[in-house]
Amino acid sequence: MMVGRTVDELYPRSAHIAGEPILEISDLAGNRVPGSVSLSLRRGEVLGIAGLVGAGRTEFIRALFGLDPVRAGRVRFGSFSGWSPPAARWRQGMGMLSEDRKNEGLATGMSLADNLTLSRLGGLGPLGLISRSRQFAVARDWAGRLGVRHRSPAQRVADLSGGNQQKVALARLLYHGVDVLLLDEPTRGIDVASKAQIYALIDRLVTGGDAGAKAILLVSSYLPELLGTCDRVAVMCRGRLGPARHVKEWTEESLMAEAIGMGGAMKSE
Amino acid sequence: MSEATQAGLVPDKVRPWLVWLNRLGPLLGLALIYTLLAVFGPPSFRSLGNLETIARQSTIVGTAAVGATLVIILGGIDLSVGSMIALSTVVIASLLMSGAPPILAALGGIGAAMICGMVNGFLITRLRMMPFIVTLGTLLIVRGAAKGLAHEQKIDAPISWLNEIIATLPPERQFMVVPYGVWLLVLLAVAVAGILRYTPLGRHIFAIGSNELTARLCGVAVERVKLVVYALSAAFAGLAGVMQFSRLTVGDPTVAMGAELDVIAAVVIGGGSLSGGEGSILGSLVGALIMTVIRSGCSQMGLSNWLQEIITGVIIVLAVALDRWRHRATVRY
């Protein structure tokens, strides 16, 4: 490989110990897609969602996070149940990384510090005010931990590279301290070095390196990435989410077959 | 690849003087225009008294511009400002005529404008209509309502201390330098600038203007913030109405026609961007001052009205062109 990494190094994998289920969804349906999604996500695991573009994966994540309406189904997240708007989801400990970094994920005209702290501006100063120095210190700290190359926390996000932008968007979730991370195409269009850093980060988060094991829902169209980072993978096809199976039971071929709705045909052969 | 380019940093030297130029641009412009007029204009322009007049004359547009700055940073627009100013003067005069104490009359004027602002906010958020269209509609509706309320006449009002808010100071109160109204504007401007910079509401306003989808994703209550901002903008327009009443001493439903354009021009000259996410209270006040200085200078030099208008127009275009150039030239911190 160009950067001299083997596949194993690109996808580090520590022993993940799955804990109690933190997010349970049954028959969730949105307006058009998804048609039906059921899953159970445990602390300490990465659950991958494969599928073709347009299968309803992004719509599922958005409905779960409260950005889109929900038509039917049950959601239990920790001690909360039902649909909640994004503000409530953040408070409950759920964070989302948008697939569209430039148009939704980040306000590229704003500073790195503002972007990183936008979901949690409380506690950055006395009386609920935002102390610049405190905000910048927090931003410097988290940007440093995620290896965001930047000059100053006041730097506009537009001036960062794609990979560094994505790390800022991820840092927002970590600074907020969420338990469940919904990651929609987290490595799309970024350089290999940043990808490797993000895979390492995902691994570290579910092993509970820093503060308690997190749970991650990872939507990706890149099959090697799903097979490399996830503990279990489920496939979405025409708005329906199939059963989540252990990653060892999947191959790129079987994932693809399931995604185009030929999964049954393959098995009967 | 060098480290810097790999990281996507813009590798050129940061030019601190450009950063400062960026911040102080409108202020430098004001100083330049004032100096030019002071050097080439008549002696009356240079007098201290004229400075006081300029401050007083900028107060109405300046007050409305504080509110409009919030709307423009939010990425919206409020065209109904002029009509709300007129409505405010009519409500104040009517209340004074019916024997209400001046403070209640002033609050009544501000309240009436605020209701209009809430209607704007409601239509924009709940019905998801374009701010331009909504406030174009309310521009006419509110103007009509003001005229109806006043039976299409000026409403005389008894003399009260409201008349002194932006009137020239009497000799015994010269120590105030400028009248109450100007001080009130300074105080409110500092407060709003503080809100923009140091509170979550302020950062949310910038975030919505910068990228509304990001704001939504990050849990910002976008609709609520918009409602608050349009109501606040209207409250400032109502207060501008109080100042306008102070100047006229009557309620006039036809006053401040097109004032919304002066207000928007002030915000834009001050560095506000109509695409949202940018603007500053100080800049907008400086923008209002620049327009008054030009007007004052031109009229004292005996230039005709049409020439003043052309000059003001040129300044607006120049200011925005300069702003775009500065944006390209600076790597902002």
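These numbers were taken from a predicted model, which means no experiment stands behind them. Sequence order as written defines the numbering, with residues in each chain counted from 1. Starting at A for chains and at 1 for ligands, labels are handed out in the order in which the entities are written. Confidence filtering applies because this is a predicted model: local features only for residues at pLDDT of at least 70, side-chain atom pairs given and counted only at 80 or more, and all residues used for totals across whole chains, interfaces and linings.

(A) Highlighting the overall build of chain A. Secondary structure elements follow DSSP: runs of H or I no shorter than four residues count as helices, runs of E no shorter than two count as strands, and numbering proceeds from the N terminus. The secondary structure content of chain A amounts to 11 helices and 11 strands. For the radius of gyration, the atom set is restricted to C-alpha positions; the globular benchmark scales as 2.2 Å times the number of residues to the power 0.38. Relative to the 2.2 N^0.38 estimate, which gives 18 Å for 269 residues, the radius of gyration of chain A is 18 Å and therefore close to what a compact globule would have. Here the C-beta atoms are placed from the backbone, and a residue counts as buried if at least 20 other C-beta atoms lie within 10 Å of its own, exposed if 12 or fewer do, and partly exposed otherwise. For chain A, the proportion of its 269 residues judged to be buried stands at 49%. Excluding contacts between residues fewer than 6 apart, the proportion of contacts in chain A whose partners are at least 24 apart in sequence is 66%. Any residue pair is listed as a contact if its two C-beta atoms, each placed from the backbone, are within 7 Å.

(B) Highlighting unusual backbone geometry. Residue and element names in this part refer to chain A. The step from Val33 to Pro34 runs through a cis peptide bond, and the omega angle for that step is -10 degrees. Residue placement: Pro34 occurs in the loop between strand E1 (21-30) and strand E2 (37-42). Positive phi, close to 60 degrees, is recorded for Leu127, a residue that is not glycine. Among the residues examined, Leu127 registers 6 C-beta atoms within 10 Å and is labelled exposed. The backbone phi angle of Arg238 is positive, close to 50 degrees, even though this residue is not glycine. Mapping Arg238 onto the fold places it in the loop between strand E9 (232-237) and strand E10 (240-241).

(C) Spotlight on the sheet that holds strand E4 (residues 70-77) of chain A. All names here are of chain A. Spatially, the 4 strands line up as an open sheet ordered E2-E1-E4-E5, and their pairing is antiparallel. The open sheet has two edge strands, E2 and strand E5 (80-81), and neither has a second partner. Sheet analysis places E1 next to E4, joined by 6 bridges and oriented antiparallel. Bridging from a neighbouring strand, Leu23 pairs with Phe77 of E4. Across the sheet, helix H2 (residues 57-65) lies against E1, E2 and E4, angled at about 115 degrees from E1, the strand it touches most. In this description, strands pair whenever DSSP reports at least two bridges between them. Fitting a line to C-alpha atoms yields each axis, with helices limited to the stretch in contact; the angle taken between N-to-C directions then spans 0 to 180 degrees.

(D) Local environment of the confidence of the model for chain B. All names here are of chain B. Averaged over all residues, the pLDDT of chain B is 88; the fraction at 70 or higher stands at 92%. The model gives residues 1-13 a pLDDT under 50, and that stretch makes 14 contacts with residues more than four places away or in other chains. The ipTM for the predicted assembly is 0.92, set against a pTM of 0.91. The quantity called pLDDT is the predictor's confidence in a given residue, expressed from 0 to 100.

(E) Spatial organisation of helix H6 (residues 102-126) of chain B. For H6(B), with 25 residues, the first-to-last C-alpha span of 36 Å sits near the 36 Å given by 1.5 Å per residue. Taken from the residues just after H6(B), Arg128(B) is the one with a positive phi, measuring 50 degrees. Here, expected helix span is obtained from the residue count minus one, scaled by 1.5 Å.

(F) Focus on the interface of chain B and chain A. Across the boundary between the two partners, chain B contributes 23 residues, which contact 30 residues of chain A. Of all the elements in the fold, those that place two or more residues in the side of chain B that touches chain A are helix H9 (200-210) and helix H10 (212-217) of chain B. A per-element tally of the side of chain B that touches chain A places H9(B) first, with 5 residues.

(G) Spotlight on the environment of Ser79(A). Residues and elements named next belong to chain A. If you trace the backbone, Ser79 turns up in the loop between E4 and E5. With 6 C-beta atoms counted inside 10 Å, the residue Ser79 sits in the exposed group. Through-space distance from the C-alpha of Ser79 to that of Ser98 is 25 Å; in sequence the pair is 19 residues apart.

(H) Highlighting the packing of helix H7 (residues 162-176) of chain A against helix H8 (residues 192-207) of chain A. All names here are of chain A. With their axes 9 Å apart at the nearest point, H7 and H8 run at an angle of 20 degrees to one another. Classified by the interaxial angle, the pair formed by H7 and H8 is roughly parallel. The element H7 and its partner H8 pack so that their crossing is left-handed. Between H7 and H8, the residues in contact are Gly163, Gln166, Lys167 and Leu170 and Ala193, Ser194, Ile198 and Leu201, respectively. Three classes are used: nonpolar for Ala, Val, Leu, Ile, Met, Phe, Trp, Tyr, Cys and Pro, charged for Asp, Glu, Lys and Arg, and polar for all others, with Gly counted as polar. Residues belonging to the contact of H7 with H8 are distributed by class as follows: 4 nonpolar, 3 polar and 1 charged. Should an angle lie under 35 degrees it is considered roughly parallel, over 145 roughly antiparallel, and from 65 to 115 roughly perpendicular; all remaining angles are considered oblique. Here a crossing is called left-handed whenever its near helix is offset anticlockwise from the far helix by less than a right angle, and right-handed whenever the offset is clockwise.

(I) Structural detail: the pairing of strand E6 (residues 94-97) of chain A. All names here are of chain A. In E6, alternate side chains face the same way, and those of Met94 and Met96 on one face and Gly95 and Leu97 on the other are all buried. Summarising the sheet, E6 and strand E7 (residues 180-184) pair through 4 bridges and their orientation is parallel. The partner of Leu97 across the bridge, within E7, is Leu183.

(J) Examining the nonpolar core more closely. Of all hydrophobic cores here, the largest spans 171 residues; its most connected members are Leu182(A) and Ala64(B). Top contributing element to this core by residue count: helix H11 (residues 222-248) of chain B, with 14 residues. With near-sequence residues (within four places) excluded, Leu182(A) lies in contact with Ile61(A), Leu64(A), Phe65(A), Met94(A), Gly95(A), Met96(A), Leu97(A) and Leu217(A). To count as a nonpolar core, a set of buried Ala, Val, Leu, Ile, Met, Phe, Trp, Tyr and Cys residues must be joined through C-beta atoms within 7 Å.

(K) The arrangement of the pairing of strand E3 (residues 46-51) of chain A in detail. Residue and element names in this part refer to chain A. Counting buried residues in E3 gives 6 out of 6 residues, a clear majority hidden from the surface. Residues Val46, Gly48 and Ala50 of E3 are buried on one face, and the alternating residues Leu47, Ile49 and Gly51, pointing to the opposite face, are buried as well. Two strands pair when backbone bridges link them, and E3 and strand E8 (residues 215-219) are joined in this way by 4 bridges, in the parallel orientation. Looking across to E8, one finds that Ile49 is bridged to Val219. Bridge count between E3 and E9: 5 bridges; the pairing is parallel. If you follow Gly48 over to E9, its bridge partner there is Val233.

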